[in-house]
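# Examination of the molecular architecture
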Amino acid sequence: MIRTATAADVPVIHAMIRELAAYEKAPDEARATEEQLREALFGEQPAAYAHIAETDEGVVAGFALWFLNFSTWRGVHGIYLEDLYVRPELRGGGHGKALLTELARICVERGYERLEWSVLDWNEPSIQFYRALGARPQDGWTVFRLTDGELAKLGAAEADG
């Protein structure tokens, strides 16, 4: 079963984010607090959204955390899937597919034309899973990121006219 996350789900989402970071070999990079997640998901102006996958017994199996993006080429919003995670012991039960199906349903219902996400190059099980759903990698694109000191340095620089 897939349901929209509630504020009561924040602790379990937080725990699963830490599990995901450990799986991705970057446990020290997951620094978000429960308070930050609560504000981002359920504050006055939510910046992100989450869905929960549960087993038939009501056990939380995984989550999808996403936000809106915008395509200047298509002129409409899309969904950017920040995190998709299913607990290892519950993988293979259809929870990941159900979460992606729900996000695709939201896209179709709202007229969004893209559902996008990134996957680590070494994560072959996930890559094969996504390909089986019909998703295709975007060849020719490389993700860039500014964080920490580099972000602060550029943010403090004066813009050249």
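Presented here is a report on the structure given in the accompanying data block. Being a predicted model, the structure only gives us computed values, none of them experimental. (Residues numbered from 1 in each chain as written. Predicted model: local features only at pLDDT ≥ 70, side-chain atom pairs only at ≥ 80, totals over all residues. Heavy atoms only, no water.)

### Quick word on unusual backbone geometry
- A positive phi is found at K25, a non-glycine position, where the angle reads about 65°.
- Within the element layout of this structure, K25 appears in the loop between α1 (10-23) and α2 (34-42).
- By relative accessible area, K25 is classed as exposed at 63%.
- A positive phi angle, close to 50°, is found at D148, a residue other than glycine.
- Looking at the secondary structure, you find D148 in helix α5 (residues 148-156).
- According to the relative accessible area criterion, D148 is partly exposed, its value standing at 48%. (Helix = DSSP H or I, 4+ residues; strand = E, 2+ residues; numbered from the N terminus. Buried < 20%, exposed > 50% of the residue type's maximum accessible area, 1.4 Å probe, protein only.)

### Observations regarding the nonpolar core
- In this structure, I13, I17, L41, I52, F63 and L65 are the most contacted members of the largest nonpolar core, which totals 17 residues.
- Elements with a contribution of two residues or more to this core: α1, α2, β2 (49-54) and β3 (60-71).
- Of the residues forming this core, the biggest block, six residues, is contributed by α1.
- The contact partners of I52, leaving out residues within four places of it in the chain, are M1, I2, R3, A5, D9, I13, V60, G62, F63 and L99.
- Ranked by size, the runner-up nonpolar core spans 14 residues in total, among them A64, L81, L84 and I106. (Core = buried A, V, L, I, M, F, W, Y, C linked by side-chain atoms within 4.5 Å. Contact = heavy atoms within 4.5 Å.)

All quantities given are derived from atomic positions and should not be read as evidence of function.
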